[in-house]
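Understanding the architecture of this molecule
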Number of protein chains: 2
Amino acid sequence: MSNATPGIAEITRAIRNVPDFPKPDIQFKDITPVLADAALFAACIDLLTADVKPGSVDAVVGIDARGFIFAAAAAIKLKAGFVPVRKKSKLPYTCYEQSYDLEYGTNTVAIHIDAVKPGARVILVDDLLATGGTAAAAVALLERIGANVVEVSFLIELSFLDGRKKLANQNVRSLVTY
Amino acid sequence: MSNATPGIAEITRAIRNVPDFPKPDIQFKDITPVLADAALFAACIDLLTADVKPGSVDAVVGIDARGFIFAAAAAIKLKAGFVPVRKKSKLPYTCYEQSYDLEYGTNTVAIHIDAVKPGARVILVDDLLATGGTAAAAVALLERIGANVVEVSFLIELSFLDGRKKLANQNVRSLVTY
């Protein structure tokens, strides 16, 4: 790699395709080679937050577990706080919960009722936009506690799953689209 | 809070005690108020990596899930890569696994066999040193892939659980001790 700051092309090349994970016929996009490379990881965070000035948002929201990686890193870069959205029963204090449909069954995510002050400006940063169910549930939780969701950013978007439709009222950014 | 950079006293004051979580008689130390405060979160990362110069380590290792928050943030600050240690079956590529004893039963964590190059200098950053089982298993995995573990840093240490004994050959740092 050259000394120039890497861009989306270099990030895309570093994503490793793992066939048949977690089940047959799924082509899993393994981002760990991107994370392990200091320049590529920093470039991801820069690109995911390219429109957000440091100090201009109160918090970056991350979804358990891979989303924590990008959101926490973005929070440090933007001089913002970090707010977790977690699977039900993982957060210790009083929570709001939001369920959403999966292919089979439902899933529930939660946020602390006092995670941000009403009117706080936040961005949501996650690794993957697939069907959009988790991200839409996280946005619903953020709106319930009075947050102003400025932008929703994803490293990868699986566009054939139409996840953007579930985030129709949001500013959505993704870096790498399949 | 003043405009001065907050220190360990301010971080400690922001940790919220939640009684009887996740089960009766456990006093859970809720760090989400620390994370949500931009100055406190940045101070945590600065203090957790106080002895590590930016550019001097190849990667920061984080343990699923809360450990991801601190390790990813530290990686961006130190201009290092990020390496995840995850619960068994979560990482998509070929892994080494390490089991450790719990109060009842065992747990298994995993790392990609190519997570770092042999000889890479890494630090492990996590939220909590309790019995030390998870951290010791992570160190064992890192040594198996040839990493040089320079330091192991925790936000909180529950000293009455003697977790340091399981990390006897490591440089261990913790910010807040109960």
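Residues numbered from 1 in each chain as written. Chains lettered and ligands numbered in written order. Predicted model: local features only at pLDDT ≥ 70, side-chain atom pairs only at ≥ 80, totals over all residues. Heavy atoms only, no water.

1. A closer look at the packing of aromatic side chains
Taken as a whole and assessed by the stated rule, the structure comprises eight aromatic pairs over all chains. With centroids separated by 6.4 Å and ring planes inclined at 40 degrees, the aromatic side chains of F82(A) and F41(B) adopt a geometry described as tilted. Of this pair, F82(A) sits in strand β4 (residues 81–87) while F41(B) sits in helix α3 (residues 38–48), each in a different chain. Of the residues examined, F82(A) reaches a relative accessible area of 0% and is grouped as buried. Exposure remark for F41(B): the relative accessible area of 0% places this residue in the buried category. Ring plane angle 90 degrees and centroid distance 5.6 Å describe the contact between F68(B) and F82(B), whose orientation is recorded as edge-to-face. Taken as a pair, F68(B) in helix α4 (residues 66–78) and F82(B) in strand β4 (residues 81–87) lie far apart in primary sequence, 14 residues in all. Grouped by ring-pair contacts, the aromatic residues F41(A), F70(A), F68(B) and F82(B) constitute a single cluster. Above the ring of Y93(B), the side-chain terminus of R16(A) is found at 3.5 Å from the ring centroid. (Phe/Tyr/Trp six-rings, centres within 6.5 Å; stacked < 30°, edge-to-face > 60°. Helix = DSSP H or I, 4+ residues; strand = E, 2+ residues; numbered from the N terminus. Buried < 20%, exposed > 50% of the residue type's maximum accessible area, 1.4 Å probe, protein only. Lys NZ or Arg CZ within 6 Å of the ring centre and 35° of its normal.)

2. Describing the relation of the copies chain A and chain B
Of the transformation placing chain A onto chain B, the axial shift is 0.0 Å and the rotation is 180 degrees, giving an RMSD of 0.0 Å. Look at the turn and shift together and you get a two-fold axis relating the two. Residue A73(A) of chain A places its C-alpha closer to the rotation axis than any other residue of that unit, at 2.1 Å. Mapped onto chain B, 100% of the interface residues of chain A are again interface residues, and the two copies thus contact each other with one and the same surface. (Least-squares fit on C-alpha atoms with pLDDT ≥ 70 in both. Contact = heavy atoms within 4.5 Å.)

3. So, the sheet that holds strand β6 (residues 106–112) of chain B
All names here are of chain B. One open sheet holds the seven strands; their spatial order is β5-β6-β4-β3-β7-β8-β9, and the pairing between them is mixed. The open sheet has two edge strands, β5 (95–101) and β9 (172–177), and neither has a second partner. The mean angle between the axes of side-by-side strands here comes to 20 degrees, regardless of whether they run parallel or antiparallel. With three bridges joining them, strand β3 (residues 59–63) and strand β7 (residues 121–129) adopt parallel strand pairing. From the neighbouring strand, A59 faces β7, where its bridge partner is V122. (Pairing = 2+ DSSP bridges. Axes fitted to C-alpha atoms, helices over the stretch in contact; angles between N-to-C directions.)

4. Focus: α4(B)
Residue and element names in this part refer to chain B. When the terminal C-alpha atoms of α4 are compared, their 19 Å separation across 13 residues agrees well with the 18 Å that a helix rising 1.5 Å per residue should span. For α4, a buried count of 11 out of 13 residues is recorded, marking the element as mostly surrounded by other parts of the structure. Looking at α4, one finds that the buried residues are G67, F68, I69, F70, A71, A72, A73, A74, A75, I76 and L78. Positive phi appears at K79, one or two residues downstream of α4, with a value of about 55 degrees. (Expected span 1.5 Å × (residues − 1).)

5. Some points on the pattern of salt bridges
One side chain can pair with another of opposite charge once the charged atoms of both are near each other. Residues and elements named next belong to chain A. Throughout the structure, instances matching the rule amount to 20 salt bridges over all chains. When the shortest N-O distance is used, the salt bridge between K87 and D64 registers 3.7 Å. Here K87 is found in strand β4, whereas its partner D64 is found in the loop between β3 (59–63) and α4 (66–78), with 23 residues between them in sequence. The closest approach of N and O atoms between R164 and E157, which form a salt bridge, is 2.8 Å. A residue is classified by how much of its surface remains accessible, and R164, at 37% relative accessible area, is partly exposed. (Salt bridge = Lys/Arg side-chain N within 4 Å of Asp/Glu carboxyl O.)

6. Brief notes about the sheet that holds β4(A)
Residues and elements named next belong to chain A. With respect to topology, seven strands assemble into an open sheet ordered β5-β6-β4-β3-β7-β8-β9, the strand pairing being mixed. Every other strand in the sheet has two partners, leaving β5 (95–101) and β9 (172–177) as the edge strands with one partner each. Sheet twist, expressed as the mean angle between neighbouring strand axes with direction ignored, is 20 degrees. With respect to the sheet, helix α5 (residues 133–144) is in contact with β3, β4, β5, β6 (106–112), β7 (121–129) and β8 (148–157), its orientation differing from that of β5 by roughly 150 degrees.

7. Some thoughts on a nonpolar patch on the surface
All names here are of chain B. Taken together, the side chains of F160, L161 and Y178 define a hydrophobic patch exposed on the protein surface, amounting to about 290 Å² of accessible area. Relative to the helices and strands, L161 is located in the loop between β8 (148–157) and β9. L161 sits in the partly exposed class, given a relative accessible area of 35%. (Patch = residues over 30% accessible without salt bridge, like charges linked within 9 Å, V, L, I, M, F, W, Y side chains within 5 Å. Areas by Shrake-Rupley, 256 points an atom, 1.4 Å probe, with all protein chains shown as cover.)

8. Regarding the nonpolar core
One finds F41(A), F70(A), F41(B) and F70(B) to be the most contacted residues of the largest nonpolar core, which totals 70 residues. Not counting residues up to four positions away in its chain, the partners in contact with F70(A) are I31(A), L35(A), F41(A), C44(A), I45(A), L48(A), V125(A), D127(A) and L155(A). (Core = buried A, V, L, I, M, F, W, Y, C linked by side-chain atoms within 4.5 Å.)

9. Looking at the interface of chain A and chain B
Listed by partner, the interface residues are 38 residues for chain A and 38 residues for chain B. Buried area between chain A and chain B, both sides added, is near 2,800 Å², and the carbon and sulfur share of it is 71%. For the pair chain A and chain B, the interface holds two salt bridges. R16(A) is the partner of D114(B) in a salt bridge, and the nearest nitrogen-oxygen pair spans 2.8 Å. Between chain A and chain B we count eight residue pairs in polar contact (both at pLDDT 80 or more) in total. For the side of chain A that touches chain B, the secondary-structure elements that each account for two or more residues are β1 (16–19), β2 (27–30), α2 (32–36), α3 (38–48), α4 and β4 of chain A. When residues of the side of chain A that touches chain B are assigned to their parent elements, the largest contribution, seven residues, is made by α4(A). Considered class by class, the residues forming the side of chain A that touches chain B number 24 nonpolar, four polar and 10 charged. (Buried area = accessible area lost by both parts, 1.4 Å probe. Polar contact = N/O pair within 3.5 Å; in protein donor to acceptor, adjacent residues only side chain to side chain. Nonpolar A, V, L, I, M, F, W, Y, C, P; charged D, E, K, R; others polar.)

Keep in mind these numbers describe shape, not what the thing actually does.
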